[in-house]
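# Close look at the chain arrangement
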Amino acid sequence: MSVDTTATAQTTKKETQEDDIRINEIDKLASQLLQMEIDLNCNIPTTLWISDLHGEGDRFKSILRGRFGLLYQTCREALPNTFSSNKIQYLVSIIRKKRFFEDEEIYMDRQDVIFCLLQVLRYKLANVRYRTDDIFLPEFNIIIKRLLSGSPVPDPIFEETLISERLIAHLSHSIRQVLLDRIQVLGDIFDRGPQPDKIIRILSSGYYKNMVDYVLGNHDILWLGAAAGNKSLIAETMRITCRYDHFEFMERLSFDSSKLAEFARKTYPEKTVTGNFKAKTEMGRSMEKALAIIQFKLEEQTIRDFPDYEMHFRLWLDRLAKMLKSGDTDGLNDVSFPTIDLDNPGALTKEEQQVIDDLEDQFRHNRKLKRLLKYFFTSGRTYSIHNNILNIHALVPSTEDGEFEEFLGRRGKRLLDYIQETIRRVGRNYLDDKPQDPKDQALFFYLWCGPKSPFFGKHAMKTFERYFIKDKKTHKENTLYWQHNLTTDAFKKKLQQEFGVQRVVFGHTPVDYLKGRHMASEDGIAINVDGGFAAAYYNRGHALVHTPHQLYGIILPTPDEIQKAEKNLESAPLDIQLIDEFRQPMKKKDTVEGKVLKTERDKLLKIIRNFTL
């Protein structure tokens, strides 16, 4: 072979390799582009909002198992409009019970039911990408896939009663697996109820963790700040825990409260605890009072150290010392303060210092607590945006005249982003056992109870007054401007422009629907997902559901209603408030996420068009 022929062959081989590389690259880009097109034209995922679970683990598990009424709504959307409500309810009962049964008023045989269930399953699977191996049980995996694709299946599927009924059971199982695509939790898992750890385990489990979007609440911030080493927040988390006698929860975390208990028993015996303390047990009341005094001393030090927080009006201990010195105590419901030095009321005693140092060491290094709080530090956010909706726990700080409130030199979205960065930084230090910046530790205190905090929303937290001051007028915590501003078109428009959204959904504030209050504003822009889930509030609460066809609120059943329904093998009653419905199913291309995806799609398409074969 001549040199020229060899050179030509090498050139041809190189060109062929280059062509292969180019073709492979085009195929990859084409695959990405087509997947983007599919995503853009998919229906939006069915999303559930819930807020302020406050440690009610068993109740949350029970309601979550019932899927918040989504089964009926999904069947209604998937099946023809000619289907009556009775027929849909019949199919819902079959899916819920996972077995076929005859109804005298509904004329459907097993084959009819199978085709209806396939239609419901096809509706869900056509719009959201799932790994079918996680949905279909192995015994009927191949058969269900063939039925969904329209391929022939063996005759016994329809001719043998036992096999048909088993297929119905498997289809029912698969439908229940895909009813809910996304869960938006608007914060506050901790405090009030006894099982925050159970809720965290559910949300972070393998089944749910990829569908949960968590926005932090003020009670979560309280626990994160305590874990970060803020001593006043450590005292406060423990005070609230004792206030509700949640000692089993602390035992599950392997917390040793013996030093605290010994100090409280000796210093604050039951007969001296006359303030408005809520703990039902004698030890709980003694510990609650001991921690309250420690908390007030520590948080006053933070207020003095950070005058920029403008919280000096919360300094109560000097006023208390003056009242005790003068004997002017008629306005107090408790006058036993053995650890208060009347000349230096903010100083901790030696024993108080030992107690808080012990608790601080446990909060910073307890492995079980660290596993729980890792979820919040790594997954929790100050806000999220999904399906054109801004999701927050309480509010975006605002002023009386409807402007965004400035705090830390920032306002609006920039303020929330800055707080998010701080939480992430503190979380990394906590998880890696690194020292914290005192400014960051102090910020958590303000985020918990400061008037400009996006997690609080009141002019003051009146814990001291509610414990010790008889005059109930002093107990009132005035709500600031968020709720009022949401009644004005100007502020709602400002909010939409700041975050690029159409609606805002928030929790934090209980909404008593029995008094005629509604979740949503008349225009559906502002939606309050009720914070009354826990027994400490209204014991009911709300949820919000967004399907491709509707946006509606759910008035959740009480624990008694759930128990009665389970006893009768029925679904618990749900009161529905329709907020919005759509003529055509809402697509991902219609959302904020869709706009971003369209931009990426257009860039990819431009690259593909520049290729030549």
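In this text, all values refer to a predicted model and were calculated from it rather than measured experimentally.

About the thresholds
- Residues numbered from 1 in each chain as written.
- Predicted model: local features only at pLDDT ≥ 70, side-chain atom pairs only at ≥ 80, totals over all residues.
- Heavy atoms only, no water.
- Phe/Tyr/Trp six-rings, centres within 6.5 Å; stacked < 30°, edge-to-face > 60°.
- Helix = DSSP H or I, 4+ residues; strand = E, 2+ residues; numbered from the N terminus.
- Buried < 20%, exposed > 50% of the residue type's maximum accessible area, 1.4 Å probe, protein only.
- Contact = heavy atoms within 4.5 Å.
- Disulfide = S-S within 2.5 Å.
- 1 Å grid on protein atoms, 1.4 Å probe; cavity = no way out; pocket = protein on both sides within 12 Å on 5 of 7 lines; lining within 4 Å.
- Points joined across faces, edges and corners; volume = space filled by probe spheres on them.
- Nonpolar A, V, L, I, M, F, W, Y, C, P; charged D, E, K, R; others polar.

What follows concerns the packing of aromatic side chains. Geometrically, a pair of aromatic rings is defined through the distance of the ring centres and the angle of the planes. One pass over the structure, following the stated rule, counts 29 aromatic pairs. Taking 5.5 Å as the distance between ring centres and 45° as the angle between the ring planes, the aromatic pair formed by Phe377 and Tyr430 counts as tilted. Taken together, the residues span a long stretch of sequence, with Phe377 in helix α17 (residues 367–379) and Tyr430 in helix α18 (residues 412–431) at a distance of 53 residues. Taken as a pair, Phe377 and Tyr430 share a single burial class, namely buried. Summarising the aromatic geometry, the rings of Phe464 and Phe468 are spaced 5.2 Å apart at their centres and angled 65° between planes, so their arrangement reads as edge-to-face. In this pair, Phe464 and Phe468 both sit in helix α20 (residues 463–468), four residues apart, roughly one turn of the helix. Like Phe468, Phe464 is buried.

One can find Trp223 in helix α10 (residues 218–227). For Trp223, a relative accessible area of 0% gives the class buried. Considered as a pair, Trp223 and Phe363 are 140 residues apart in the sequence and their alpha carbons are 9.3 Å apart. If near-sequence neighbours (up to four positions away) are discounted, Trp223 is found in contact with Phe190, Asp191, Thr237, Thr241, Phe249, Met250, Phe363, Leu369 and Leu373.

Right, let's get into the state of the cysteines. Considering all chains together, one arrives at zero disulfides under this definition. Cys242 provides the cysteine sulfur closest to Cys449, a residue in no disulfide bond, and the two sulfurs are 19 Å apart.

We now examine empty space enclosed by the protein. If you walk through the whole model with that rule in mind, you get six cavities of 30 Å³ or more. What lines the largest cavity is a set of 16 residues, and nearest its centre among them are Gln295, Phe296, Glu299, Arg314 and Met461. When contributions to the lining of the largest cavity are tallied by element, the ones reaching two or more residues are α14 (282–305), α19 (438–449) and α20. With five residues, α14 is the largest single contributor of residues to the lining of the largest cavity. Broken down by class, the residue content of the lining of the largest cavity amounts to 10 nonpolar, two polar and four charged.

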